Amino acid sequence: MPTRDRLLAVLTAVLWGCNFLAIHAMLTHFPPLLAGAIRFLLVAVPTALLVPWPKVKLRWLVGYGLGFGTLQFAFLFVGLDTGMPTGLASLVLQASAPFTVVLGAVLLRERLTARQVVGITLAVLGMAAIAWQRAEHAALLPVILTLLGALSWAVGNLCARKAEAPNPLHFTLWSSVVPPLPMFALSLVFEGPDAQWTAVSTAFSGDAWLALAGLSYVVVLGTVVGSGIWTTLMRRNPASTVAPFSLLVPVVGLSLAFVVLDERPTLVEIVAGLVVVGGVLLGSLPRRPRRPRLQAVTAVSAADDSDDADDSDRGETRPARMSSA
């Protein structure tokens, strides 16, 4: 992987880590479900007008849009709004990786290696420790909501696999067309039209500029720029080389939350977070290919024996092979 691509991968992780801080700013003014609807609407409109159709089956695009878009961000935004620490949310969302592996094994009949099983086990133990620690502080519900967001992301990943999009960036952008209407409907039911109207009508007054800045960051840098760089890197390099850089996202998220928001995770949460990241990394490492050396040697020996037999049939004598020793 070239140095330029490594730097771009780090930049993407930084952009996505800052995304959680921008979401925190959004939620200081907008109700969480309405914020999600607006976030996707601002991407969906230019996508439908300017971006070519990704040439995939509609059901997989809708499935990805509902899983990755609607459900993930509905659970995440509500979890953050109900007390989930911003930095910790960036870490807990990493549970999408082991969830994806498990769902792939159950639904797509993908084989699990021993290393993946160990990685999933470590990640689950780390998540359980975080949930236990949060429960001690009477804040278990936000963790559960964030985990449901990670599970929804995993469902979206399976739909993306089945879609096999020839252009992943177009597929990702077009998936933004799916969430606005269902998220707006959820907002209408759970947050009410009064809250929606108040947030929209006062968006350009008072201290709402911070929420608008956060919204702009999420749409432009977090979605368009971040996703564009990431899909380009995935196209130019092996996925197993690029994917581990996503583990820098919670590092950036936790660090920024500590510096900007004064969020201080407990020692148990720090240790559990390291276990989660380690488990995700272990489970995402590529499977080692079997060495074909023995098979190749056997094939060469068989070919030599066949040649020798042919020579003896013709009464010929072959010169002795030189030793490489």
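Residues numbered from 1 in each chain as written. Predicted model: local features only at pLDDT ≥ 70, side-chain atom pairs only at ≥ 80, totals over all residues. Heavy atoms only, no water.

Draft legend 1. Quick peek at the overall build of the protein chain. On a plain count of helices and strands, the protein chain comes out with 15 helices and zero strands. Sequence-distant contacts, at least 24 apart, represent 87% of the contacts inside the protein chain between residues at least 6 apart. Taken as a whole, the protein chain presents about 17600 Å² of accessible surface, with 68% of it coming from carbon and sulfur. (Helix = DSSP H or I, 4+ residues; strand = E, 2+ residues; numbered from the N terminus. Contact = heavy atoms within 4.5 Å. Areas by Shrake-Rupley, 256 points an atom, 1.4 Å probe, with all protein chains shown as cover.)

Draft legend 2. Just the confidence of the model for the protein chain, in detail. On average, residues of the protein chain score 83 in pLDDT, and 85% of them reach the 70 mark or higher. No element of the protein chain has a lower mean pLDDT than helix α15 (residues 293–314), at 49, and none a higher one than helix α9 (residues 180–190), at 95. A low-confidence stretch, residues 294–300 stays under pLDDT 50, and its non-local contacts, those more than four residues away or across chains, total zero contacts. (pLDDT = per-residue confidence, 0-100.)

Draft legend 3. Highlighting the layout of surface pockets. Here the second largest pocket defines a volume of roughly 210 Å³. Around the second largest pocket sit Leu88, Leu91, Pro250, Val251, Leu254, Ser255, Pro265, Glu269, Ile270, Gly273, Leu274 and Val277, which together line it. The biggest single contributor to the lining of the second largest pocket is helix α14 (residues 267–284), with five residues. (1 Å grid on protein atoms, 1.4 Å probe; cavity = no way out; pocket = protein on both sides within 12 Å on 5 of 7 lines; lining within 4 Å. Points joined across faces, edges and corners; volume = space filled by probe spheres on them.)

Draft legend 4. Quick look at the packing of helix α3 (residues 58–81) against helix α7 (residues 140–163). Two elements in contact, α3 and α7, have axes separated by 7 Å at closest approach and are oriented at 165°. Viewed along their axes, α3 and α7 adopt a mutual orientation that is roughly antiparallel. α3 and α7 meet at a crossing whose hand is left-handed. (Axes fitted to C-alpha atoms, helices over the stretch in contact; angles between N-to-C directions. Parallel < 35°, antiparallel > 145°, perpendicular 65-115°, else oblique. Left-handed = near helix turned anticlockwise from the far one by under 90°.)

Draft legend 5. Structural detail: the packing of aromatic side chains. Counted according to the given criterion, the structure contains eight aromatic pairs. Their ring planes at 50° and their centres at 5.2 Å tell us that Trp16 and Trp230 sit as a pair that is tilted. With Trp16 in helix α1 (residues 3–26) and Trp230 in helix α11 (residues 209–236), this pair connects stretches of sequence that are 214 residues apart. Ring centres of Trp53 and Trp174 lie 5.2 Å apart, and the angle between their planes is 75°; on these two criteria the pair is classed as edge-to-face. (Phe/Tyr/Trp six-rings, centres within 6.5 Å; stacked < 30°, edge-to-face > 60°.)

Draft legend 6. Molecular detail of the pattern of salt bridges. Taken as a whole, this structure holds two salt bridges when the rule is applied. With its nearest N and O atoms 3.6 Å apart, the salt bridge here joins Arg4 to Asp5. Exposure remark for Asp5: the relative accessible area of 2% places this residue in the buried category. Its salt-bridge partner being Arg264, residue Asp262 comes within 3.1 Å of it at the nearest N-O pair. Classification of Arg264 by relative accessible area gives exposed; the value is 57%. (Salt bridge = Lys/Arg side-chain N within 4 Å of Asp/Glu carboxyl O. Buried < 20%, exposed > 50% of the residue type's maximum accessible area, 1.4 Å probe, protein only.)

Draft legend 7. Examining helix α2 (residues 32–50) more closely. Here α2 is 19 residues long and its end C-alpha atoms lie 28 Å apart, about the 27 Å a rise of 1.5 Å per residue gives. The complete set of buried residues in α2 reads Pro32, Leu33, Leu34, Ala35, Gly36, Ala37, Ile38, Arg39, Phe40, Val43, Ala44 and Thr47. Packing partners of the buried residues in α2 comprise α1, α3, α8 (168–175), α9, α10 (192–201) and α11. (Expected span 1.5 Å × (residues − 1).)

Draft legend 8. Here's a closer look at α9. Among the residues of α9, Pro180, Met183 and Ser187 are the ones counted as buried. Down the axis of α9, the buried side of the element spans an arc of 75°, and every buried residue falls inside it. In α9, those exposed residues whose orientation departs by more than 90 degrees from the buried face are Leu181 and Val189. Those residues of α9 that are buried are in contact with α2, α3 and α10. One or two positions beyond α9, positive phi appears at Gly192, with a value near 90°. (Arc of directions from axis to C-beta.)

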